[in-house]
Amino acid sequence: MSNPATLIIARGREKSLLRMHPWIFSGAVGRLDGEAPAGATVVVRAFDGRFLGRGAWSPASQIRARLWSFVEDEEIDAPFFRRRLTAAVALRRDLGLMGEGEACRLVNGESDYLPGVIIDRYGAVVVCQFLAAGAEAARETIVDALEELLRPATIWERSDAEVRKKEGLRPRTGLVRGRDLPELVEIREHGHRFLVDVRQGHKTGWYLDQRDNRRVVAAMTNGKSLLNCFSYTGGFAVGALAGGAEKVVNVDASEAALALAERNAALNGLAGPRLLNHRADVFQLLREFRDQGRKFDRIVLDPPKFAEAKQQLAGAARGYKDINRLAFELLAPGGILFTFSCSGLMEPALFQKIVADAALDGRRAARIIGQLGQAADHPVALPFPEGAYLKGLICRAE
Ligand code: SAH
């Protein structure tokens, strides 16, 4: 094998790498000594020649390299990926998430020290996303290791996330190894059964990051009415109905998501007059409900990512404020709002301020009675605060 190319960091730009942050932005690149195709492993050195790490070169991306390792004698080979995957699976075992038929995120990219690699498990089906040039180059090696470690029935690929474009990669989806994928995959979560659409669903099919929060909402909804906004396939709804909710209204813009929400309720013996699936734009429907004077005891707001880039933050803030204000207006006295933001760019303090402004505008006094985040199978590596994206507030209106 020829010598790997060496990436020399611009003078004085190595500080974040010394703090083990895995990204090298284009502005921090001094020069590349040698040739490196996209995804190739390069040795990373400071301007003075000091070893900093080994990473994957990605010439098309503003994130010009992502570091695999900061350890000088660690080669980026098949045993390396086996070690990383083994450690990632060990965490999920410790979390009690590896039971038969259960679902969890097995590999959470940078925060499992595998930049650009997302791997979700739905029972015997494993779904991969390779979202950066280095992840793409390591695809076969990672899949081999995954097969050896877990012996899944099916390894499926959903590398169709938008971010691949920024890495100069085209989307790829389909069967990678094993048996063909059933049309829907059944999983268990908190003892409930759910059908997951791995082929067409959002992300890899299911919002695993909300697992713990579904239980929190369910525990506070006994005997209450719940308006479940941005319901997707009804994860919050099934938990709430099983927890004794008097009535649940799911709202989503997607017909397919709502059809699956109905099937998921039925699968748990919970379909019936207590559940209503409403296809609508949440922004509009909340206004209609307000004008009709409708009230709910509990409201979940779990919108999609409103801010993908910094320039979109102001618009995102307006969107969050709008739906949160309407939600406060719809809450019955003593009602509880579970409000989320999955935009990583929106800092928790700013989100809290927006929710506070929304309550003021909606003329409701309210208190925060709980703070929520992403489930533990979505860890946040301490050097990588960008990994914390999901935040939620539980607010009780007076
Ligand atoms: N709470 C869900 C995940 C929500 S994902 C869960 O626990 O699984 C966000 C959802 O919002 C998607 O299903 C998407 O179809 C829906 N959506 C996006 N914009 C919308 C809008 N303006 N009105 C209604 N639904 C919307």
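Refer to the structure printed above.
In this report, the structure presented in the accompanying data block is examined. Nothing here was measured: the structure is a model prediction, and the numbers come from that model.

What counts, and at which threshold
Positions within a chain are numbered from 1, following the residues in the order the chain's sequence is written. Confidence filtering applies because this is a predicted model: local features only for residues at pLDDT of at least 70, side-chain atom pairs given and counted only at 80 or more, and all residues used for totals across whole chains, interfaces and linings. With hydrogens and water set aside, each side-chain value is computed from the structure's full complement of heavy atoms. Secondary structure counts use DSSP, requiring at least four H or I residues in a row for a helix and at least two E residues in a row for a strand, with both numbered from the N terminus. Helix span, as expected, comes to 1.5 Å for every residue beyond the first. Relative accessibility thresholds used throughout: buried, under 20% of the residue-type maximum; exposed, over 50%; partly exposed, between the two (1.4 Å probe, protein chains only). Directions drawn from the helix axis to the C-beta atoms are what define this arc. In this description, contact between two residues means that some pair of their heavy atoms is separated by no more than 4.5 Å. Pairs of N or O atoms within 3.5 Å make up the polar contacts considered here, provided that, within protein, one atom can donate a hydrogen while the other can accept it, and that residues adjacent in sequence are counted only when both atoms are side-chain atoms. A strand pair is defined by DSSP finding two or more bridges across the two strands. The axes are straight lines fitted to the C-alpha atoms, using for helices just the contacting stretch, and the angles between their N-to-C directions are given from 0 to 180°. We call a residue near a molecule or strand whenever a single non-hydrogen atom of that residue lies within 4 Å of it. Working definition of accessibility: Shrake-Rupley area with a 1.4 Å probe, residue cover restricted to the visible protein chains. With a 1 Å grid laid over protein atoms only, a set of points is called a cavity when a 1.4 Å probe fits there but cannot get out and a pocket when it is open yet has protein on both sides within 12 Å along at least five of seven lines; lining residues have an atom within 4 Å of a point. Grid points are joined across faces, edges and corners, and a volume is the space filled by probe spheres set on the points. Only Asp, Glu, Lys and Arg are considered charged, only Ala, Val, Leu, Ile, Met, Phe, Trp, Tyr, Cys and Pro nonpolar, and every remaining residue, Gly among them, polar. Put simply, a disulfide is two cysteine sulfurs that come within 2.5 Å. Each angle gets one of four labels, with under 35 degrees taken as roughly parallel, over 145 as roughly antiparallel, 65 to 115 as roughly perpendicular, and the rest as oblique. Should the near helix be turned anticlockwise from the far one by less than a right angle, the crossing is termed left-handed; should it be turned clockwise, right-handed.

**Let's talk about helix α8 (residues 255–267)**
Compared with the 18 Å implied by 1.5 Å per residue over 13 residues, the 18 Å span of α8 between its first and last C-alpha is a close match. Among the residues of α8, those classed as buried are A257, L258, L260, A261, N264 and A265. Taken down its axis, α8 places every buried residue within 160° of arc, on the same side. Against β13 (192–196), α7 (235–242), β15 (247–252) and β16 (275–279) lie the buried residues of α8. Of the residues flanking the start of α8, the one acting as N-cap is S254, its side-chain oxygen 3.4 Å from the backbone nitrogen of A256.

**Some remarks on the side chain of E157**
Inspection of the secondary structure assignment puts E157 in strand β10 (residues 154–159). Separated by 2.6 Å, the side chains of E157 and R139 make a polar contact.

**Thoughts on the sheet that holds strand β4 (residues 41–45)**
Strands in a sheet are paired, the pairing made by backbone hydrogen bonds, and the direction either parallel or antiparallel. Spatial ordering of the open sheet is given by β2-β6-β5-β4-β1-β3, a layout of six strands whose pairing is mixed. Edge strands, defined here as strands with exactly one partner in the open sheet, are β2 (23–25) and β3 (29–33). Sheet twist, expressed as the average angle between the axes of neighbouring strands with direction ignored, equals 35°. As paired strands, β2 and strand β6 (residues 63–69) are joined by three bridges and run antiparallel to one another. Looking at β6, one finds that I24 is bridged to A65.

**Focus: the pairing of strand β9 (residues 125–130)**
Most of β9 sits inside the fold, with six of its six residues counted as buried. In textbook terms, the turn of a hairpin is the stretch between consecutive antiparallel strands, and for strand β8 (residues 117–122) and β9 this stretch comprises two residues, one of which, G123, has a positive phi near 60°. Sheet topology places β9 next to β10; four bridges connect them, and they run parallel. Residue pairing in the sheet places V126 in a bridge with I155 of β10.

**Points about the sheet that holds β15**
What the seven strands build is an open sheet, ordered β16-β15-β14-β17-β18-β20-β19; its pairing is mixed. In this open sheet, the two edge strands, each paired with only one partner strand, are β16 and β19 (366–373). When the angles between neighbouring strand axes are averaged without regard to direction, this sheet yields 15°. Bridge analysis of β15 against β16 gives five bridges, and the strand direction is parallel. Within β16, the residue paired with V249 across the bridge is L276.

**With respect to the site of the ligand**
Around the ligand sit 16 residues in total, of which D252, A253, D281, V282 and D302 are the nearest. Between the ligand and R214, the relevant distance is 3.1 Å, taken from an oxygen atom to a side-chain nitrogen or oxygen of the residue. For the ligand, a nitrogen atom lies 2.9 Å from a polar atom in the backbone of V282. Protein burial of the ligand: of its 590 Å² of free accessible surface, 89% is covered by the chains.

**Points about helix α9 (residues 282–291)**
Residues V282, L285, L286 and F289 constitute the buried set of α9. Looking straight down α9, one finds that the buried residues subtend no more than 100° of arc, so they occupy a single side. Facing away from the buried side of α9 by more than 90 degrees, the exposed set consists of Q284 and D291. Looking at the packing, one finds that the buried side of α9 touches β14 (225–229), β15, β16, β17 (296–301) and α10 (313–330). Remark: G293 follows α9 within two positions and exhibits a positive phi of approximately 75°.

**Re empty space enclosed by the protein**
Going through the model one piece at a time under the given rule, you end up with one cavity of 30 Å³ or more. In this structure, the largest cavity spans a volume of roughly 50 Å³. In terms of lining residues, the largest cavity is bounded by A56, S58, R66, W68, P115, A132, A133, G134, A135 and E167. Sort the elements by how many residues they give to the lining of the largest cavity and helix α3 (residues 133–137) lands first, with three residues. Residues that form the lining of the largest cavity fall into these classes: six nonpolar, two polar and two charged.

**Focus: the state of the cysteines**
As enumerated under the stated definition, the model contains zero disulfides in all. This cysteine, C342, is not joined by any disulfide, and C229 carries the nearest cysteine sulfur, 15 Å off. With no disulfide of its own, C395 has C229 as its nearest cysteine by sulfur position, at a separation of 15 Å. Its relative accessible area of 4% is what places C395 among the buried residues.

**Thoughts on the packing of α10 against helix α11 (residues 348–361)**
One way to put it is that α10 packs onto α11 with a least axis distance of 8 Å and a crossing angle of 45°. Taken together, α10 and α11 sit at an angle that is classed as oblique. Considering the relative orientation of α10 and α11, their crossing is right-handed. When α10 is examined against α11, the residues A317, Y320, K321, N324, R325 and F328 are found in contact with a partner set consisting of F351, I354, V355, D357, A358, A359 and D361. For the contact of α10 with α11, the class distribution of residues is eight nonpolar, one polar and four charged.

**A look at the environment of I336**
Following the sequence through the fold, I336 ends up in strand β18 (residues 331–341). Taking relative accessible area as the criterion, I336 reaches 6% and is therefore assigned buried. The spatial distance from the C-alpha of I336 to the C-alpha of C395 is 5.6 Å, given a sequence separation of 59 residues. When near neighbours in sequence (up to four residues on either side) are disregarded, I336 contacts M220, D297, R298, I299, L331, I369, I394, C395 and R396.

From the geometry alone we can't say anything about function, so treat these as descriptive.
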